[in-house]
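Letter by letter, the chains look like this.
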Amino acid sequence: MSDQVIRTTCSYCSVGCNLDITIKADGTRSLKPTKEYPVNEGFCCPKGFHLLTPFLSEDRGVTPLLKNEQGVQEAVSWDKANEEFVLRFKKIIADHGPESVAFLSTGQIPFEEMALLGSVTKFGMGWVHGDGNTRQCMATAAVAYKQAFGFDAPPFTYQDFEESDLMVFVGSNPVINHPIMWNRVKKNSRNPLIVVVDPRSTETAKQAGAHFGIEPKTDIPFFYALARILIENDWIDHQFIADHTDGFEGFVDKVGQRSIADAAALCGIEEDRIYELARQIHEQRGRVSFWWTMGVNQSHQATRTAQALINLALITGNIGKPGTGANSITGQANAMGSRLFSNTTNLLGGHDFLNADHRKRVADRLGIPVEVIPTKNSMPYNQILEAARDGRIKGLWFIATNPGHSWINKTEFFDALKALDFLVVQDLYPTTETAVHADLFLPAAGSGEKSGTFINSERRLGVVQKVMDPPGLAKSDYDIFLGLANAWGCGDLFANWQNPEAAFRVLQRVAVGQPCDISGIEGYSMLLENNGVQWPYPQGNDEDIHSAHRRLFADGKFFTPSGRAQILFDDYVSPTEVPDEQYPTVLLTGRGTMMQFHTQTRTNKVPFIRSKTRFEGYVELHSKDAEILGVKTDDKVKVTSRRASVTVSAVVSDGVKPGQVFMPMHYQETNWLTYTAFDTYSFEPSYKYAAVKVEKA
Ligand SMILES: Nc1nc2c(c(=O)[nH]1)N[C@H]1C(S)=C(S)[C@@H](COP(=O)(O)OP(=O)(O)OC[C@H]3O[C@@H](n4cnc5c(=O)[nH]c(N)nc54)[C@H](O)[C@@H]3O)O[C@H]1N2
Ligand SMILES: Nc1nc2c(c(=O)[nH]1)N[C@H]1C(S)=C(S)[C@@H](COP(=O)(O)OP(=O)(O)OC[C@H]3O[C@@H](n4cnc5c(=O)[nH]c(N)nc54)[C@H](O)[C@@H]3O)O[C@H]1N2
Ligand code: SF4
Ligand SMILES: [Mo]
C-alpha cells in the first residue's frame with residue numbers, strides 16, 4: 001500500500017489553516033501545512049503542527065460513563081447511555097415542561113454537527129433553549145453586525161491585510177492568537193501603519209507603529225473622540241454617508257457631547273495623539289481597516305464599542321474596497337459556522353425563529369412540519385445558567401465546551417451545576433473541569449477522527465477529514481446526535497441527514513436566498529479542489545473561485561430593509577465594579593501564549609507545548625507593583641476578588657501598567673475571580689475587567 005495524503009482543516013483557531021496528513025504504509029502519520037491553501041500558504045503554528053497528538057492521550061473518553069447511586073461514574077454501553085439520556089430528559093420535560101432543559105455547545109465542532117444538534121433538540125425533542133460557546137466569544141460581533149448591516153456578515157477577506165495602508169487592531173493580539181493570519185499583515189508591501197489599541201503592551205503592540213495603551217474599558221470615549229475630530233475637520237466621506245447610511249446626524253450630536261480633552265483624560269492618552277491618529281486616517285483614506293477581537297467583544301458595552309469601529313469605517317467610506325472594513329476576527333475554528341448554522345441564536349441559515357415566513361420556509365426546505373419549529377428565541381447562556389441556579393432549568397447538556405473552567409465567575413457556574421437534576425457532558429476527555437461532574441458522559445471523536453466543514457474568519461468553508469479512528473467506543477458527535485434522535489423517537493425527521501455531507505446538502509438548501517447562500521458549492525470535493533470557498537456562493541455564481549477574494553458590500557448595499565447601514569451609538573458608562581481601597585487593582589484576562597489553547601484540555605497533552613509553557617497559573621504584574629509587594633517572578637502571590645481568592649505565581653512584566661494585572665485564561669484559577677457583567681445587547685460576558693487585590697502569599 002502506498003502513502004495516503006489526507007487534507008484537513010485545523011480545529012483550533014479561526015484562521016482556518018489546512019494541513020496535509022500523510023499516512024504511511026506502516027500506519028504512521030506525519031503532518032505538514034498545505035502549501036497551496038491560500039489561508040496558510042505552507043505555514044502553521046505549533047498547535048496545528050501537533051494537532052493529532054492530544055487525540056492519542058491516555059485520558060481519552062473511550063466509553064460512555066453513568067453516575068451510579070454512590071455518585072461514581074461507571075462505564076456503560078451506548079444503548080444504556082442513550083436510554084438514560086432519553087428517560088431522564090423526558091421525565092424532566094414531563095414534570096416541568098419543555099423550557100426546563102437546555103444544551104450549551106461550541107464553536108469548535110463542524111457546522112454539520114452543530115446544525116444536527118440544534119435541529120434534533122429543537123425540532124425533534126421539542127426543546128426551546130440551547131446556546132453556544134460563541135456567546136463567550138463572538139456574540140457581540142454577531143449582534144453588532146446584525147444591527148448595523150442587517151445580517152451577521154463580517155465583510156473582509158484576508159487579502160485585505162495585504163492591501164491596507166493603515167490597520168487599527170483593537171483589543172486584539174493576533175501575533176499570538178491568529179499567528180498565521182499575522183503573516184498576511186507582514187506580507188503587506190505597502191509599508192502600512194499598524195496601530196494597536198490595547199491597555200497592555202502586547203506582542204502585537206510591540207510590532208506596531210503606534211500603541212494606544214488606553215485605560216481598560218474606555219474604548220467608546222476614545223473612538224468617539226476620534227470620530228469627532230474626523231467630523232470637525234471634514235475628513236469624512238459625505239457621499240457615502242448620504243447614499244448608504246442612516247443615523248449620522250445623531251452620531252454627530254453624540255460625539256460632540258464630550259470634549260477631546262475630556263476623552264483623552266478618561267482614556268489616559270494625550271490629546272495630540274488622538275488628533276494625530278485622526279490625521280493619519282484621513283491621509284490614508286480609502287485603505288484604512290479596523291480589526292477587533294475579544295478586547296472589544298468581552299465588555300459591558302461591547303456591542304456599541306464594536307459599532308464605534310463600524311461607524312468609523314462607514315463615515316470615512318472605508319468599506320467594501322480593498323484594504324478596508326470594520327472587521328471582527330473570529331475565535332474558534334468554527335465560530336462562524338456556529339453563528340449561522342447552529343440553530344441557537346437564529347434559526348438555521350441566519351433565519352429568525354420569531355418570523356412565521358422564515359419558519360415556514362425552513363420547514364418546507366427541511367421537509368418537516370412547521371409546528372415543530374420553536375416560535376420563541378432561546379434564552380442566552382447567562383440566563384440559562386441563572387435559570388439553572390434558581391431551579392427553572394433542571395437538565396443541561398454541554399457539548400465540546402468546558403465552562404467549568406471558561407465561564408465567568410465559577411462560583412456561580414458551579415452553583416448552577418449543583419442545582420441540576422441531570423447533567424450530560426460530551427467531550428473528548430472525561431477529565432475536564434466540567435466533565436468530572438457529569439451524571440452522564442458521552443465520549444466524542446475529535447476533529448481528526450471525523451469529517452465535516454468549518455467556516456473561518458474570512459467566511460471560508462474548509463473541510464475536516466478523518467485521518468484516524470476514534471479510540472474505544474468514542475464516536476463522532478454527529479453519530480452521537482443521530483443515535484440520540486433515534487432513541488428519542490424523532491429519528492424520522494432526519495432521514496435526509498444520514499451523514500455530514502448529506503447534512504451539508506440539506507443546509508445548502510436551507511440557506512438559499514440568504515446572505516450566506518452556499519448553494520453553488522458542489523459538495524466537499526469542490527471545497528477540497530478549490531482550496532475552500534468563501535460565502536456567499538449561490539448557485540449560478542460564475543466568478544472564478546480560484547482567484548476570488550470575496551469581500552462584501554462593494555456596491556454599498558447592506559442587508560437592512562432600507563439597504564442602508566445603521567450608525568448606532570450610546571452614552572459611555574463605566575463598569576459597575578471599579579477598583580477601590582479594598583480591591584485597588586484592575587484584573588485583565590485573555591490569552592497567554594501562542595501555544596496554549598483555552599482551557600488546555602488539548603494543548604497541555606502535547607509534550608512540546610508543555611515543555612515551552614508554564615504548567616501552573618500565573619499573574620503578570622508591573623515591576624513597580626512587584627517591588628511594592630516585595631515579589632519577583634516565580635514567587636507565589638494571592639489574588640483576591642469579591643468572588644474568591646487564588647494563589648498563583650507572579651510574573652514581572654512590562655506588558656501591564658502599574659495598577660493593572662493580567663491573568664491568562666488557560667489556568668483554572670482565573671475565572672474564580674472574574675466579575676459577572678454582560679453586554680446589554682449581546683449578553684457576552686465582560687471577562688476582561690474586575691477589581692482585585694494582590695498580596696504576597
Ligand atoms: N494561542 C491561542 N490562540 C487563540 C486562542 C487561544 O486560546 N490560544 N483562542 C482563540 C479564540 S476562541 C479567540 S476568541 C481569539 C482571541 O483573540 P484575542 O482577542 O486577540 O485574545 P485575548 O488575549 O483574549 O484579548 C485580546 C486583548 O484584549 C485586550 N483588552 C482587555 N481589555 C481591553 C479593553 O478594555 N479595550 C481594549 N481595546 N482591549 C482590551 C487584552 O489586553 C488582550 O491583549 O483567539 C483565538 N486564538
Ligand atoms: N477569563 C476569561 N475567560 C474566558 C476568555 C477570556 O478571554 N478570559 N475567553 C472566552 C472565549 S473567547 C472562549 S472561546 C472560551 C473557550 O472556552 P471553552 O469552549 O470552554 O474552551 P475549550 O478548552 O476550547 O473547550 C472545548 C472543549 O471541547 C472538547 N473538544 C474538542 N474537540 C471536540 C469535539 O470534536 N467534540 C467534542 N464533543 N468535544 C471536543 C475539548 O476537550 C474541551 O474540553 O473561553 C472564554 N473564557
Ligand atoms: S494559526 Fe490557528 S488554524 Fe493555523 S495552525 Fe495555528 S491554531 Fe491552527
Ligand atoms: Mo473565543
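Residues numbered from 1 in each chain as written. Chains lettered and ligands numbered in written order. Predicted model: local features only at pLDDT ≥ 70, side-chain atom pairs only at ≥ 80, totals over all residues. Heavy atoms only, no water.

Draft legend 1. A look at the pairing of strand β9 (residues 193-197). Across the five residues that make up β9, a large majority, four, are buried. The sheet contact formed by strand β8 (residues 166-170) and β9 spans five bridges and is parallel. The residue of β9 that forms the bridge with valine 168 is valine 195. Both β9 and strand β10 (residues 210-212) contribute to a ladder of three bridges, which runs parallel. Following the sheet pairing, valine 196 is matched in β10 by histidine 211. (Buried < 20%, exposed > 50% of the residue type's maximum accessible area, 1.4 Å probe, protein only. Helix = DSSP H or I, 4+ residues; strand = E, 2+ residues; numbered from the N terminus. Pairing = 2+ DSSP bridges.)

Draft legend 2. Molecular detail of the site of ligand 2. In the region of ligand 2, 36 residues are neighbours, and Asn402, Ser406, Asp427, Asp477 and Thr599 sit closest. Contact distances for ligand 2 include 2.8 Å between a nitrogen atom and a side-chain N or O atom of aspartate 477. Threonine 599 is positioned with one of its side-chain polar atoms (N or O) 2.6 Å from an oxygen atom of ligand 2. Here ligand 2 loses 99% of its free accessible area of 920 Å² to cover by the protein chains. Sorting the residues of the shell around ligand 2 by element identifies α19 (403-406), β15 (422-427), β21 (585-590) and α26 (670-673) as the ones contributing at least two each. (Near = heavy atom within 4 Å. Polar contact = N/O pair within 3.5 Å; in protein donor to acceptor, adjacent residues only side chain to side chain. Areas by Shrake-Rupley, 256 points an atom, 1.4 Å probe, with all protein chains shown as cover.)

Draft legend 3. Seen up close, unusual backbone geometry. With omega at 0°, the peptide bond leading from tryptophan 535 into proline 536 counts as cis. For proline 536, the position within the fold is in the loop between β19 (533-534) and β20 (565-566). Even without being a glycine, alanine 400 presents a positive backbone phi close to 55°. The exposure class assigned to alanine 400 is buried, which follows from its relative accessible area of 16%. The backbone phi angle of phenylalanine 553 is positive, close to 70°, even though this residue is not glycine. Residue position: phenylalanine 553 is located in the loop between β19 and β20.

Draft legend 4. Quick peek at the packing of aromatic side chains. The full count for this structure, using the stated rule, is 38 aromatic pairs. Ring plane angle 25° and centroid distance 4.8 Å describe the contact between phenylalanine 111 and phenylalanine 341, whose orientation is recorded as stacked. You can see phenylalanine 111 sitting in helix α3 (residues 111-124) and its partner phenylalanine 341 sitting in helix α16 (residues 335-341), a full 230 residues away along the chain. The same class applies to phenylalanine 111 and to phenylalanine 341, which are both buried. Linked through ring pairs, Tyr145, Phe149, Phe151, Trp292, Trp535, Phe553, Phe558 and Phe559 together constitute an aromatic cluster. (Phe/Tyr/Trp six-rings, centres within 6.5 Å; stacked < 30°, edge-to-face > 60°.)

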